[in-house]
Amino acid sequence: MLWNAFNLAQREIRRNVLRSSLTTLGIIIGVSAVIIMVTLGNGATAAVTADIANLGSNLLTVMPGQRTGPGGASGGAKPFKQRDVDLLTREVTSVGAVAPVSSQGMSAIVGNKNRSLTVTGTTNEYFGSGGWQLASGRFFNENEIRSGAAVCVIGETVRKELFGAANVIGEHLRLRAVSCEVIGLLRSKGKSPFGMDRDDVVVMPVRTFQRRLSGSDDINQIQLSVLDSVSTEKAQQDISRYMRERRRLADTDNDDFSIMDQKELASTLSGTTRTLTALLAAIAAVSLVVGGIGIMNIMLVSVTERTREIGIRLAIGALERDVLTQFLVEAVVLSACGGLVGVSFALVVSSLGARALGLPWVLDVKIVALALLFSAGVGVVFGFFPARKAARLNPIDALRHE
Amino acid sequence: MIDSALIAFDNVRKVYGTGQAQVEALAGINLQVHEGEFVAVMGPSGSGKSTAMNIFGCLDVPTSGAYRFRGVDVGALDRHQRALLRRFYLGFVFQGFNLLNRTSALENVELPLMYRGTPRAERHARARTALDSVGLLGWEHHTPNELSGGQAQRVAIARAIVAEPSVLFADEPTGNLDTARSQEIMELLVRFNRERGITIVMVTHEPDMAAYASRTIKFRDGHVESDERTH
């Protein structure tokens with residue numbers, strides 16, 4: 001009987017190609033929308049989480065002025081000098097490496113190639129606290145730092161875009177009027193959680209940067225790595241207390257500097273990504289519901305349309321049960337086909353999408369199962385109840401139905 | 001006498017609606033049909049002949065009185081049991097053919113056998129034989145939409161007799177057909193009645209068609225007006 005019903009179902013489905021494909025389409029859209037959105041959202045969250053792990057030891061950044069928003073600081077406050085860096089290193093015991101950071105965007109020129117990038121003047125501590133490693137060459141030596149030699153360490157993107165060659169050690173690049181010798185190549189770190197290319201950098205000794213490029217002895221910010229044995233909060237308090245003292249702020253004054261915790265920012269960002277994923281999932285769920293309503297409609301219409309058929313079957317000896325089985329099997333076959341096509345489609349699109357967006361492909365089997373169950377459930381329920389109503393009609397009334 | 005009757009109405013009443021709108025379609029009818037008869041049921045519309053037909057066919061139940069099919073009180077059966085009765089003992093031919101329109105003639109004829117659980121190969125063979133007996137061999141794979149009215153009604157007759165029912169109920173089987181086609185259909189029915197001993201109960205309002213039957217029952221206002229043997 002079940003085999004008969006299955007045969008009958010697949011014949012009915014082929015006989016009504018348009019109706020069948022519309023029903024399946026509803027399920028396909030619903031299932032694939034949910035899976036694609038959740039998979040991409042999960043990928044984004046995974047990418048951010050991986051980036052946080054990539055930040056290295058916990059890094060604090062001190063900037064002059066009050067923080068006005070994420071990553072920004074209002075101007076006007078007294079800038080830092082090399083003396084602040086030296087004193088912080090000596091006086092604050094909860095921090096390890098302290099590095100001055102002065103950055104500016106400018107063009108780097110090699111031969112006839114030209115690229116806008118960020119040039120940073122700093123010391124070797126910068127590499128340690130920021131978790132940078134060398135791919136080849138070396139960092140600065142004492143002599144180069146003290147004398148402000150025209151040497152630089154470059155990122156992977158700079159090598160690729162400006163030089164192209166694999167070995168760049170000993171090559172030169174020009175920044176404004178300064179010709180700089182490349183002494184080191186940094187290992188690639190990829191994009192930052194904020195979406196910037198961290199490999200698009202040129203790093204030089206801070207003295208070189210101040211004397212030959214910026215022309216001032218200001219330091220934009222100070223980067224400090226917190227000792228493993230100390231909590232980030234404790235380090236922040238220590239730095240804050242010392243800086244207030246050094247900048248002679250009265251107790252009633254607000255800080256005229258700010259301390260930024262990179263890890264905190266990154267985790268805020270990953271929280272945002274998760275929220276975004278939830279939002280996408282909600283939108284996808286709406287499309288699943290809309291798809292469900294579509295299925296419902298078509299099922300209702302098709303049963304109404306087929307009431308006379310049900311009457312004929314009842315008159316020649318079909319039981320209520322036979323008619324129900326037929327409609328149920330039809331609904332199950334349609335829903336299953338739609339679900340399978342939807343899942344396959346979602347797998348292909350989400351993996352292509354993840355590749356295009358540079359995200360890892362993180363498939364959540366629970367979501368796949370949920371989407372499948374929901375749409376199949378809708379198909380079956382709304383195929384079943386109208387069919388039951390029709391199958392309970394008096395055969396005479398069902399036959400007269402037109 | 002009662003025991004030998006295939007179909008027996010014992011003071012059957014059928015009332016539709018309630019209160020003021022109540023209509024008495026059958027007002028206490030007694031009649032019997034015996035095995036092998038070909039009965040024509042006639043009467044103006046509203047006379048109760050269609051209601052009687054629905055009760056004959058186990059598609060409806062009397063309000064009061066008893067309808068016995070082979071001695072079994074149909075009124076005491078539930079939907080399920082009545083469906084089984086139709087499945088194993090009854091065949092139907094309707095005025096509007098009532099075939100599945102997008103399904104081939106062969107599959108339409110196979111349908112009653114399918115519900116009986118007949119194996120596929122046997123189903124095919126019997127359906128082809130049935131189509132052959134109504135002169136439609138070669139048309140198995142046409143759908144009712146591709147057939148003429150006369151051909152469609154012959155498919156319906158093949159469907160009704162394929163499972164070898166005890167009784168064939170025909171409700172205005174020639175109502176949608178021209179005279180020549182109607183005669184063909186009636187000759188088929190007469191042949192099945194004579195050759196295979198299938199009892200036939202046919203509703204019609206055309207005396208020409210009733211003339212093919214061996215007995216004519218006339219209804220008027222819910223009563224049997226006359227009941228006479230013609231052959």
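Residues numbered from 1 in each chain as written. Chains lettered and ligands numbered in written order. Predicted model: local features only at pLDDT ≥ 70, side-chain atom pairs only at ≥ 80, totals over all residues.

> Teacher, can you tell me more about the overall build of chain A here?
Within chain A, the secondary structure is distributed over 13 helices and twelve strands. Per-residue burial for chain A yields a buried fraction of 40% across its 402 residues. Put simply, 83% of the contacts in chain A that link residues at least 6 apart link residues at least 24 apart. (Helix = DSSP H or I, 4+ residues; strand = E, 2+ residues; numbered from the N terminus. Buried ≥ 20, exposed ≤ 12 C-beta atoms within 10 Å, placed from the backbone. Contact = placed C-beta atoms within 7 Å.)

> Is there a simple way to think about the pairing of strand β4 (residues 95–110) of chain A in this case?
Looking down a regular strand, the side chains alternate between one sheet face and the other. Residues and elements named next belong to chain A. Two strands pair when backbone bridges link them, and β4 and strand β11 (residues 221–226) are joined in this way by five bridges, in the antiparallel orientation. By the bridge assignment for β11, V101 is matched with Q221. Where β4 meets strand β5 (residues 113–122), nine bridges bridge the pair, whose relative direction is antiparallel. Within β5, the residue paired with V110 across the bridge is K113. Counting the residues between successive antiparallel strands, the hairpin from β4 to β5 contains two residues, one of them, G111, with a positive phi of roughly 60°. Bridging between β4 and strand β8 (residues 172–175) involves two bridges; their strand directions are antiparallel. Residue pairing for β8: A108 is matched across the bridge by L175. (Pairing = 2+ DSSP bridges.)

> Teacher, can you tell me more about the nonpolar core here?
Across soluble globular proteins, nonpolar side chains show a tendency to be buried alongside one another. Residues V34(A), V39(B), V41(B) and A158(B) are the most contacted members of the largest nonpolar core, which totals 117 residues. Counting residues in each nonpolar core, the second largest holds 47 residues, with V151(A), V158(A), L175(A) and F209(A) among its members. (Core = buried A, V, L, I, M, F, W, Y, C linked by C-beta atoms within 7 Å.)

> How do you make sense of the sheet that holds strand β4 (residues 64–69) of chain B when you look at a structure like this?
Two orientations exist for strands paired in a sheet by backbone hydrogen bonds: parallel and antiparallel. Residue and element names in this part refer to chain B. What the four strands build is an open sheet, ordered β2-β1-β4-β5; its pairing is antiparallel. Only two strands of the sheet have a single partner each, and these edge strands are β2 (23–34) and β5 (72–73). Bridge count between strand β1 (residues 5–16) and β2: nine bridges; the pairing is antiparallel. Across the sheet, A8 pairs through a bridge with Q32, a residue of β2.

> Is there a simple way to think about the interface of chain A and chain B in this case?
Many authors give the size of an interface as the accessible area that is lost as the parts come together. Contacts between the two partners involve 16 residues from chain A and, on the opposite side, 16 residues from chain B. Those elements that place two or more of their residues in the side of chain A that touches chain B are α1 (2–15), α10 (307–315), α11 (320–357) and α13 (395–400) of chain A. Broken down by element, the residue count for the side of chain A that touches chain B peaks at four residues, all from α10(A). The residue inventory of the side of chain A that touches chain B, partitioned by class, reads nine nonpolar, three polar and four charged. (Nonpolar A, V, L, I, M, F, W, Y, C, P; charged D, E, K, R; others polar.)

> Honestly, the environment of E12(A) in this entry has me stumped. Any pointers?
Checked against the element boundaries, E12(A) lands in helix α1. For E12(A) and Q326(A), which are 314 residues apart along the polypeptide, the C-alpha to C-alpha distance reads 9.7 Å.

> Is there a simple way to explain the pairing of strand β10 (residues 223–229) of chain B in this structure?
Residue and element names in this part refer to chain B. Pairing of strand β9 (residues 215–220) with β10 involves six bridges; the strand directions are antiparallel. The partner of R220 across the bridge, within β10, is H223. Adjacent in sequence and paired antiparallel, β9 and β10 are bridged by two residues, among which D221 carries a positive phi angle near 50°.

> Got a minute to help me understand the confidence of the model for chain A in this structure?
For any part of a model where pLDDT is low, the fine detail of the predicted coordinates should not be relied upon. Averaged over all residues, the pLDDT of chain A equals 83, while 94% of them reach at least 70. Mean pLDDT across the elements of chain A bottoms out in strand β3 (residues 72–73) of chain A (48) and peaks in strand β7 (residues 151–154) of chain A (94). (pLDDT = per-residue confidence, 0-100.)

> How should the sheet that holds strand β8 (residues 199–203) of chain B be read in this particular structure?
Residue and element names in this part refer to chain B. Strands sit in the order β6-β7-β8-β3-β9-β10 across an open sheet of six strands; the sheet is mixed. Each of the sheet's edge strands pairs with one partner strand only, and the pair in question is β6 (90–93) and β10. Taken over all neighbouring pairs, the strand axes of this sheet differ in orientation by 15° on average, direction set aside. Relative to β6, helix α5 (residues 149–161) is tilted by about 170°, and along the sheet it contacts β6 and β7 (167–171). (Axes fitted to C-alpha atoms, helices over the stretch in contact; angles between N-to-C directions.)

> Please explain α1(A) as it appears in this structure.
Since the α-helix turns once every 3.6 residues, residues separated by three or four places project in the same direction. Spanning 14 residues, α1(A) covers 20 Å between terminal C-alpha atoms, matching the ideal 20 Å at 1.5 Å per step. Where α1(A) is buried, its residues touch α11 of chain A. (Expected span 1.5 Å × (residues − 1).)

> Looking at this structure, how should I read the environment of L334(A)?
Residues and elements named next belong to chain A. With respect to the secondary-structure elements, L334 resides in helix α11. Look at L334 and you get buried, because 28 C-beta atoms sit within 10 Å. Considering only alpha carbons, one finds L334 and Q10, 324 residues apart in sequence, at a separation of 9.0 Å. In this view, L334 contacts I13, S20, T23, T24 and G379; residues no more than four positions away in its chain are not counted.

> How do you make sense of unusual backbone geometry when you look at a structure like this?
Trans peptide bonds make up the majority, and among non-glycine residues the majority have a negative phi. Residue and element names in this part refer to chain B. At R70, a residue that is not glycine, the phi angle is positive and equals roughly 50°. Here R70 lies in the loop between β4 and β5. Notably, D221 is not glycine yet its phi reads approximately 50°, a positive angle. As for its position among the elements, D221 is in the loop between β9 and β10. Classification of D221 by C-beta neighbours within 10 Å gives partly exposed; the count is 14.

> Please explain helix α1 (residues 49–56) of chain B as it appears in this structure.
Residue and element names in this part refer to chain B. Within α1, six of the eight residues are buried, which leaves the element mostly enclosed by the surrounding structure. If you check which residues of α1 are buried, you get K49, T51, A52, M53, I55 and F56. The positive-phi residue at the C-terminal boundary of α1 is C58, with phi of around 60°.

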